[in-house]
Amino acid sequence: MRFRHPDGSTVHLAYCTNVHPAETLDGVLAQLRDHCEPVRRRLGRDRLGIGLWLAKDAARALVTDPAALRGLRCELERRGLEVVTLNGFPYEGFGAEEVKYRVYQPDWADPERLEHTAALARVLAGLLPDDVTEGSISTLPLAWRTAYDDERAETARTALRTLATRLDALEELTGRSVRVALEPEPGCVVETTHDAIAPLTAVGRDRIGICVDTCHLATSFEDPGTALDDLVRAGVPVVKSQLSAALHAEQPHLPEVREALAAFAEPRFLHQTRTATAAGLRGTDDLDEALAGDALPDAGPWRSHFHVPLHAAPAAPLTSTLPVLTSVLTRLVGGPHPLTRHLEVETYTWQALPPELRPRGRAQLADGIAAELTLARDLLTDLGLKELP
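What comes next concerns the included structure. (Residues numbered from 1 in each chain as written. Predicted model: local features only at pLDDT ≥ 70, side-chain atom pairs only at ≥ 80, totals over all residues. Heavy atoms only, no water.)

## Here's the deal with the overall build of the protein chain
In terms of helices and strands, the protein chain carries twelve helices and 15 strands. For 389 residues, the compact-globule estimate of 2.2 N^0.38 gives 21 Å, and the C-alpha radius of gyration of the protein chain, at 20 Å, lies within 12% of that figure. Referenced to the eigenvectors of the C-alpha coordinate spread, the extents of the protein chain come out at roughly 60 × 50 × 45 Å. Within the protein chain, buried positions represent 58% of all 389 residues. Sequence separation of at least 24 residues holds for 79% of the intrachain contacts in the protein chain that already meet a minimum separation of 6. Summed over its atoms, the accessible surface of the protein chain is roughly 15000 Å², and 51% of this surface lies on carbon and sulfur atoms. (Helix = DSSP H or I, 4+ residues; strand = E, 2+ residues; numbered from the N terminus. Rg over C-alpha atoms; globule rule 2.2 N^0.38 Å. Buried < 20%, exposed > 50% of the residue type's maximum accessible area, 1.4 Å probe, protein only. Contact = heavy atoms within 4.5 Å. Areas by Shrake-Rupley, 256 points an atom, 1.4 Å probe, with all protein chains shown as cover.)

## A few points about the nonpolar core
Ranked by size, the top nonpolar core spans 118 residues in total, and within it Leu13, Tyr15, Ile50, Leu54, Trp108 and Leu373 carry the most contacts. With nine residues, the top contributor of residues to this core is helix H12 (residues 362-382). Residues within four places of Tyr15 in sequence aside, it is in contact with His20, His35, Cys36, Val39, Leu48, Gly49, Ile50, Gly51, Glu344, Val345, Ile369 and Leu373. (Core = buried A, V, L, I, M, F, W, Y, C linked by side-chain atoms within 4.5 Å.)

## Remarks on the pairing of strand E5 (residues 134-139)
Summarising burial for E5: five of the six residues are buried, a large majority. With three bridges connecting them, strand E4 (residues 81-87) and E5 associate as parallel partners. Bridging from a neighbouring strand, Thr85 pairs with Ser136 of E5. After leaving E4, the chain enters helix H4 (residues 111-127) and then returns to the sheet as E5, a path that is right-handed. Looking at chain direction, E5 and strand E6 (residues 177-182) are connected through six bridges and run parallel. By the bridge assignment, Ser138 is partnered in E6 with Ala181. Handedness of the crossover joining E5 and E6 through helix H5 (residues 150-174) is recorded here as right-handed. (Pairing = 2+ DSSP bridges. Right-handed = clockwise from strand over helix to strand, strands pointing away.)

## Points about the state of the cysteines
Here, the word disulfide means a covalent bond between the sulfur atoms of two cysteines. What the rule picks out here adds up to zero disulfides. Cysteine Cys74 is unpaired, with the sulfur of Cys36 as its nearest cysteine sulfur at 17 Å. Judged by its relative accessible area of 48%, Cys74 falls in the partly exposed class. Note on Cys211: no disulfide assigned, nearest cysteine sulfur contributed by Cys16 at a separation of 9.6 Å. (Disulfide = S-S within 2.5 Å.)

## Details of the sheet that holds strand E12 (residues 302-308)
As summarised here, the arrangement of the five strands in space is E11-E10-E12-E9-E13, forming an open sheet in which the pairing is antiparallel. Where the open sheet ends on each side, the last strands, each with one partner, are strand E11 (280-284) and strand E13 (318-320). Neighbouring strand axes in the sheet, compared pairwise and without regard to direction, differ in orientation by 30° on average. Here three bridges tie strand E10 (residues 273-277) to E12, and the two strands are oriented antiparallel to one another. Residue pairing in the sheet places Arg274 in a bridge with Arg303 of E12. (Axes fitted to C-alpha atoms, helices over the stretch in contact; angles between N-to-C directions.)

If you want it as structure tokens, here you go:
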């Protein structure tokens, strides 16, 4: 979906296909047929943006076979779909029964992360619509915080500088500009937007910026205005933003609140949980850890890294951080010029919701994704952006 900002620039809105896990190119093509095109039809749109997630095998198939890349591009066009952004965070196995910490491997101190991201950039340059010259890729925020020492940090910085050089060469070759964005996430080396400033400044290349995920920002209790103002002052580009909402519990000390939270503690994904205290941010790596005894102070609200559907907040006594998303979006695109032109709805946890909230089949999932995109569209038009055909 495309929108015209009051300054005349185009803002793109997509939804991320990591909600439909697929490890192979055949699986990606099936996604387009079974999920993405039905969502487009529900929205009554001739064109729908999708943020593709390409696992390592699918990416390698596309980067090594020009015919396969042309075939994917043709299939996108045939189904009324377009791609300006990729989710390069998960490397493989995102559809596994247990993902947890494995999603952070390989990290940016591993040469395979550089090679995979460079391959994604080449693929994206070949998928961009004819009238679009800028693409974006979100990636993990350097590494999970453990086993990350000064030597690995320098290796990661060197890898990002190498990537920037390769992206420069890619633009010279193709005329397409691709930028990569570190996506701060609780528990990682770069947990907050503030944490991103030093390493990105050290890399010193405009090709490498930040992806502001509104669930992650909310989980870490960051103030949206302060976070984005700091990025602007530091000259860190907001390459893209993922529109998502975290799970919020206002009174976690109450038994009924803990019981409601326990329904979201599931075995597949990591749900880092945080609370703001007078002594600073406190947290656990997962929701079940927070619920175990007194592992996390419960005098104030808890927020958990669980991407809940944008249009459907959990039932009381829980809610979501949708107001944080709205505040971030206002700052990103509500001013005289957009801070980013790539927005991506990223609720990948539909099938991890408590059983009674999960979609029953493809049709209900498509309905839910279409409802999320409708909400995002309405937020954008309320900010003065005009939806384009």
